[in-house]
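Structural overview
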Amino acid sequence: MILGLFRRRSRDAEHKTYCEIVAQARQPVFYTDFLVPDTIDGRFDLIVLHAVLYFKRMQGEGKKVAEFTQDVFDLFFQDMDASLRELGVSDTRVPKKVRKMGEAFFGRADAYMAAVETGNAEDLAQALGRNVYTEKEEPIAQERLASYVIAASAELTGQDTQDLLNGNINWPDPARFLTGN
């Protein structure tokens, strides 16, 4: 009976949610047709982008949801830590790199959400151009990604909170934004 006090609760739903965010960010169309660099940084940026959209949607949903999203956030940075170690970053440098990733996460969140909340695709495209794209000659790709992000935010807004807590996230099909529709 006393051992029950020390049992860790299952984080299956948080893990599933994080996996859904990562799966969407890894859609090949982002790297082929949206021209996001298929690099460690490019993949990081798309995971951040999708995580920010998810966390924005879950804001203001109460204490239990806030605890859940904090767990998802923690999983994200645990994954980044593990990935850095897997890439061979030394144990002494990992915390510094993770701290920089955290700063990048919050900086991008501020830049993206200001534009998403106002529906300003032009400002969002500029923010994406600064953060995601290495080639500044990709304005059409930036505009397409901005349109996708605004639509994804709207789609998440219309989804049931409990579904989102269960990791059932309905992202828009990014291919739909390649023709400007």
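The rules behind these values
- Residues numbered from 1 in each chain as written.
- Predicted model: local features only at pLDDT ≥ 70, side-chain atom pairs only at ≥ 80, totals over all residues.
- Heavy atoms only, no water.
- Helix = DSSP H or I, 4+ residues; strand = E, 2+ residues; numbered from the N terminus.
- Buried < 20%, exposed > 50% of the residue type's maximum accessible area, 1.4 Å probe, protein only.
- Salt bridge = Lys/Arg side-chain N within 4 Å of Asp/Glu carboxyl O.
- Core = buried A, V, L, I, M, F, W, Y, C linked by side-chain atoms within 4.5 Å.
- Contact = heavy atoms within 4.5 Å.
- Polar contact = N/O pair within 3.5 Å; in protein donor to acceptor, adjacent residues only side chain to side chain.
- Phe/Tyr/Trp six-rings, centres within 6.5 Å; stacked < 30°, edge-to-face > 60°.

1. Regarding the environment of Leu128
Relative to the elements of secondary structure, Leu128 occurs in helix H6 (residues 121–131). Owing to a relative accessible area of 0%, Leu128 belongs among the buried residues under this scheme. Separated by eleven residues in sequence, Leu128 and Pro139 place their C-alpha atoms 9.9 Å apart.

2. What about the environment of Ala111?
Turning to its location among the elements, Ala111 is positioned in helix H5 (residues 94–118). Owing to a relative accessible area of 23%, Ala111 belongs among the partly exposed residues under this scheme. In the structure, Ala111 is positioned 16 residues away from Ala127 in sequence and 6.2 Å away in space, judged by C-alpha atoms.

3. Some remarks on the environment of Glu103
You can see Glu103 is positioned in helix H5. The class for Glu103 is exposed, based on a relative accessible area of 55%.

4. Describing the pattern of salt bridges
One pass over the full model with this rule turns up three salt bridges. Linking Asp38 and Arg43 is a salt bridge whose minimum nitrogen-to-oxygen distance equals 2.8 Å. The class for Asp38 is partly exposed, based on a relative accessible area of 48%. Of the charged contacts, one joins Asp45 and Arg108 as a salt bridge, the two residues approaching to 2.5 Å between their closest N and O atoms. With a gap of 63 residues between them, Asp45 in helix H3 (residues 40–58) and Arg108 in helix H5 connect regions that are remote in the sequence. Overall, the relative accessible area of 3% leaves Asp45 in the buried class.

5. Remarks on the nonpolar core
For soluble globular proteins, the rule of thumb is that nonpolar side chains tend to be buried together. Within the largest apolar cluster, 60 residues are counted, with the highest numbers of intra-cluster contacts made by Phe34, Phe76, Phe105, Leu145 and Tyr148. Of all the elements in the fold, those that place two or more residues in this core are helix H1 (12–25), helix H2 (28–32), H3, helix H4 (63–86), H5, H6, helix H7 (139–157) and helix H8 (161–165). With eleven residues, the top contributor of residues to this core is H3. Tyr148 has contacts with Gln24, Phe30, Phe34, His50, Trp171, Pro172, Pro174 and Phe177, leaving out every residue within four places of it along the chain.

6. So, H6
For H6, the complete set of buried residues consists of Leu124, Ala125, Ala127, Leu128 and Gly129. Here the buried face of H6 lies against H3, H5 and H7. Two or three places before Glu122, at the start of H6, stands the capping residue Asn120, its side-chain oxygen 3.2 Å from that residue's backbone nitrogen.

7. Let's talk about the side chain of Thr17
Positionally, Thr17 belongs in helix H1. Overall, Thr17 belongs to the buried group, its relative accessible area being 0%. Apart from the residues within four sequence positions on either side, Thr17 is in contact with Tyr54, Phe68, Val72, Leu164, Leu165, Asn166, Gly167 and Ile169.

8. Details of the packing of aromatic side chains
For any pair of aromatic rings, the description rests on two quantities: the centre-to-centre distance and the angle between the ring planes. Counted according to the given criterion, the structure contains 16 aromatic pairs. Taking the centre distance of 5.3 Å and the plane angle of 75 degrees together, the rings of Phe73 and Phe105 count as edge-to-face. Note that Phe73 is positioned in helix H4 and Phe105 in helix H5, a separation of 32 residues in sequence. With respect to class, Phe73 is no different from Phe105; both count as buried.

From the geometry alone we can't say anything about function, so treat these as descriptive.
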